[in-house]
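One letter stands for each residue in the lines below.
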Amino acid sequence: MMKNQTISNVLILSGLSDVPSLQLPLFLVFLLVYLMTLTGNLLIVLLICTDSHLQTPMYFFLGTLACLDMGYSSVTIPRMLFDLYTQKWIISLQACLFQNFCFMFFAISEVSLLAVMSYDRYVAICRPLHYTQIMYWKTCVLLISVALFSGMIVSLIHTSLLLNLNFCVSKPLQSFFCDLPQLFQVSCSDPFINLLFSLLIGTLFGVGTLGVTFCPYVIILNTIIKMQSKAMRSKAFSTCSSHLTVVFIFYFTVFFNYLDPSANDNFSEHRRISSLFYALLTPLLNPLIYSLRNQELKSSLKRVL
């Protein structure tokens, strides 16, 4: 059965819509989304770099998250805009694997960073007197380096395993970018090893980091409830709720898309909508969530303006 398939170095993307009249409106909408994503995240980075009040470990991590979101969206949106404009939806295998490598790098790095930010909130709220001793700058840089290194290693292994697969020209990729589950579906080779590694990584960086991210909040919430100052409780709830909202949105959409990578094409439309949300809208929502619920960021923006 595998021998009858034609091997190809070019992959066809299914795109977002088969209706030609929708291509231009979609192009304009997602161009606006991309510009808003870059503007929001870049504004957060600039505020943190220029305002001395925001040069703390918490905002150092937030600035890193904004940088990851800019890279995360830049991996998929410019290529999608190009395909919407040309209406070709064709990508070379090399470009496809490189896109998947970058996307995996930013996704795994962001998952690891969200866990680091959870630990930072735990130290700040539950051990405030020792915060500067524990979360000094060398520790922050080390934690960021571990998050980025994790993303690099996982994406390298995934890409090296994908290089061992052959891909069929007769099977279009049921997505608007080179996502991992859809690459497995169009493979002419047996992706058993790839699926096994995906399951391992999904357990480690999905369930594992989710547990690491949420476990400190059991202690954090207990500490917040015992606080006597209403202002301190309000500030702690504000920062924690922003982080938890970002975590919930990211994990919910990712789990929906990756929970069953071997699912058949009957769910391709649902997966396309889900991948559209976490690849495009999540990087846009993150700066909005943090800026709207963070009084210090709003105050810094007013000072700059």
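In short, a report on the structure. None of these values were measured; they are calculated from a predicted model.

Basis of the calculations
Residues numbered from 1 in each chain as written. Predicted model: local features only at pLDDT ≥ 70, side-chain atom pairs only at ≥ 80, totals over all residues. Heavy atoms only, no water. Helix = DSSP H or I, 4+ residues; strand = E, 2+ residues; numbered from the N terminus. Rg over C-alpha atoms; globule rule 2.2 N^0.38 Å. Buried < 20%, exposed > 50% of the residue type's maximum accessible area, 1.4 Å probe, protein only. Contact = heavy atoms within 4.5 Å. Areas by Shrake-Rupley, 256 points an atom, 1.4 Å probe, with all protein chains shown as cover. Lys, Arg positive; Asp, Glu negative; His and termini not counted. Charge placed at Lys NZ, Arg CZ, Asp CG, Glu CD. Salt bridge = Lys/Arg side-chain N within 4 Å of Asp/Glu carboxyl O. Expected span 1.5 Å × (residues − 1). Bend = angle between axes of the 7 residues up to and from the residue.

1. Quick notes on the overall build of the chain
Helices and strands together make up the secondary structure of the chain, namely ten helices and two strands. The N-to-C order of helical and strand elements in the chain reads β-α-α-β-α-α-α-α-α-α-α-α. In terms of overall size, the chain behaves like a compact globule, its C-alpha atoms giving a radius of gyration of 21 Å where 305 residues would be expected to give roughly 19 Å. Across its three principal axes, the chain shows a C-alpha extent of roughly 70 × 40 × 30 Å. In the chain, which comprises 305 residues, the proportion classed as buried is 50%. Put simply, of all contacts in the chain between residues at least 6 apart along the chain, 78% involve residues at least 24 apart. Accessible surface computed for the chain: about 15300 Å², of which carbon and sulfur atoms make up 71%. Distance between charge centres in the chain, computed from 17 positive and 12 negative side chains, equals 12 Å.

2. Description of the pattern of salt bridges
Scanning all chains against the criterion turns up four salt bridges. Between D51 and R303 there is a salt bridge; the shortest N-O distance is 2.5 Å. In this pair, D51 sits in the loop between α1 (23-50) and α2 (57-86) while R303 sits in helix α10 (residues 295-304), placing the two residues 252 residues apart along the sequence. Judged by relative accessible area, D51 falls into the buried class, the value being 8%. E296 is the salt-bridge partner of K235, the closest N and O atoms lying 3.5 Å from each other. A residue pair is termed long-range when its members are at least 10 positions apart, and K235 in helix α8 (residues 230-258) and E296 in helix α10 qualify at 61 residues.

3. Digging into the environment of L180
Within the element layout of this structure, L180 appears in helix α6 (residues 180-185). Along the sequence, L180 and I201 sit 21 residues apart, while their C-alpha atoms lie 13 Å from each other. The contacts of L180, once residues within four sequence positions are left out, are N100, M104, H158, L162, S198 and Y258.

4. Quick word on α2
Note: α-helices contain 3.6 residues per turn, so residues at a spacing of three or four share the same orientation. In this model, α2 (30 residues) spans 44 Å end to end at C-alpha, consistent with the 44 Å of a helix rising 1.5 Å per residue. Considering bend angle alone, the principal kink of α2 is centred on S74 and spans about 35 degrees; proline P78 follows within four residues of it. α2 sits mainly inside the fold: 22 of its 30 residues count as buried. Backbone geometry just downstream of α2 places Q87 in the positive-phi region, at approximately 60 degrees.

5. Overview of unusual backbone geometry
A positive phi angle, close to 60 degrees, is found at Q87, a residue other than glycine. The class for Q87 is partly exposed, based on a relative accessible area of 45%. A positive phi angle, near 55 degrees, is found at W89, a position not held by glycine. For W89, the location among the structural elements is in the loop between α2 and β2 (90-92). Judged by its relative accessible area of 7%, W89 falls in the buried class.

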